[in-house]
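# Structural features, examined
Each chain, written out:
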Amino acid sequence: MALERYFHRYGKATFSLLLINLAVYTLEAILSGNPISIGSNVLLVLGQWNYAVLHYGWWWQPFTAMFVHVSILHIAFNMYFLLVMGSQLEHVIGPKRLTGVYIVSGLFGNLLTLVMLPSNTVSAGASGALFGIAGTLIVMMGVIGGNMQAALLNAFFLFVINSILPGVNAYAHLGGLLVGMAIGYYYGKKIRRRMALAYGYGYY
């Protein structure tokens with residue numbers, strides 16, 4: 001089947017996360033009556049409205065918001081990067097861990113948004129989760145390759161370049177990136193230890 005080919009090509013977790021995001025966006029478009037740009041009434045419920053989380057007890061929003069997007073361009077760019085970066089990371093650490101990176105990074109980014117931005121803030125998007133995936137990849141490769149300085153610079157430039165535009169939730173990006181970098185450091189060390197045992201070279 002055609003779908004099986006995409007699951008094999010991009011990874012089970014990566015392609016499943018893509019399908020979940022697309023399904024949620026389809027629901028958003030139906031509720032908004034507009035597939036191009038999602039209405040604020042829908043984003044207030046499905047995205048993360050800080051006021052509702054803090055005062056109405058809508059604590060599901062930091063989770064659901066990482067699957068919600070505000071426009072067709074927003075989801076198109078994010079899903080492209082999910083396929084590119086998620087598939088790379090999944091092939092190294094596996095589908096369960098890739099899913100864990102996505103969820104933990106996305107949650108941390110959204111909780112940081114909750115703490116740092118005003119209560120009337122409404123946010124949505126997979127960017128925090130995607131920055132977590134990118135941070136994991138960058139730092140993991142830096143540890144394995146023994147070049148952490150370059151990895152940290154790459155992470156810094158990734159954050160700056162993608163967070164300076166108006167309307168971008170830099171706190172979600174930062175939260176996701178920091179969590180991803182920590183996870184990448186852990187897995188990078190783990191992989192290096194395995195390589196040292198397999199090839200018999202010194203590891204410090």
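For the structure, check the block above.
Residue numbers run consecutively from 1 along every chain, following the written order of its sequence. The predicted origin of the model limits local features to residues at a pLDDT of at least 70 and limits the giving and counting of side-chain atom pairs to 80 or more, whereas totals for whole chains, interfaces and linings rest on all residues. For the side-chain quantities, the full set of heavy atoms in the structure was used; hydrogens and water were omitted.

For the chain, the helix and strand inventory stands at 10 helices and two strands. When the elements of the chain are put in sequence order from the N terminus, they spell out α-α-α-β-α-α-α-α-β-α-α-α. The reference for a compact globule is 2.2 Å times residues^0.38; the radius of gyration itself is calculated from the C-alpha atoms. The globule rule puts the C-alpha radius of gyration for 204 residues at 17 Å, and the 18 Å found for the chain is close to it. Across its three principal axes, the chain shows a C-alpha extent of roughly 60 × 45 × 30 Å. By residue count, 42% of the 204 residues in the chain fall in the buried class. The contact definition used throughout considers only heavy atoms, calling two residues in contact when any of these lie within 4.5 Å. Look at the contacts in the chain between residues 6 or more apart in sequence, and 72% of them connect residues 24 or more apart. A helix here means a DSSP run of H or I that spans at least four residues, while a strand means a run of E at least two residues long, and both kinds are numbered starting from the N terminus. Burial here depends on accessible area, computed with a 1.4 Å probe over protein chains only, as a share of the maximum for the residue type. Under 20% is buried, over 50% is exposed, and the range in between is partly exposed.

Attention now moves to helix α8 (residues 127-145). Helix length check: α8 (19 residues) gives 26 Å between terminal C-alpha atoms against 27 Å at 1.5 Å per residue, within 8%. Counting buried positions over the 19 residues of α8 gives 16, a clear majority of the element. One or two residues past the end of α8 sits Gly146, with phi positive at roughly 75 degrees. The length a helix should cover is 1.5 Å for every residue beyond the first.

Now for the nonpolar core. The nonpolar side chains of soluble globular proteins are, as a tendency, buried together. Grouped together as the largest cluster of nonpolar side chains are 32 residues, with contacts concentrated most on Leu82, Leu89, Tyr102 and Ile133. Listing elements by their share of this core, those giving two or more residues are α2 (12-32), α3 (40-46), α6 (72-93), α7 (95-116), α8 and α10 (170-199). In terms of residue count, the dominant contributor to this core is α6 (seven residues). Those residues in contact with Leu89 that sit more than four places away from it in its chain are Gly94, Leu98, Val101, Ile133, Thr136, Leu137 and Met140. Here the nonpolar core consists of buried residues drawn from Ala, Val, Leu, Ile, Met, Phe, Trp, Tyr and Cys, with membership extended through side-chain atoms lying within 4.5 Å. Core analysis: the next-biggest nonpolar cluster, separate from the first, contains nine residues, Ile138, Ala151, Ala155 and Leu177 among them.

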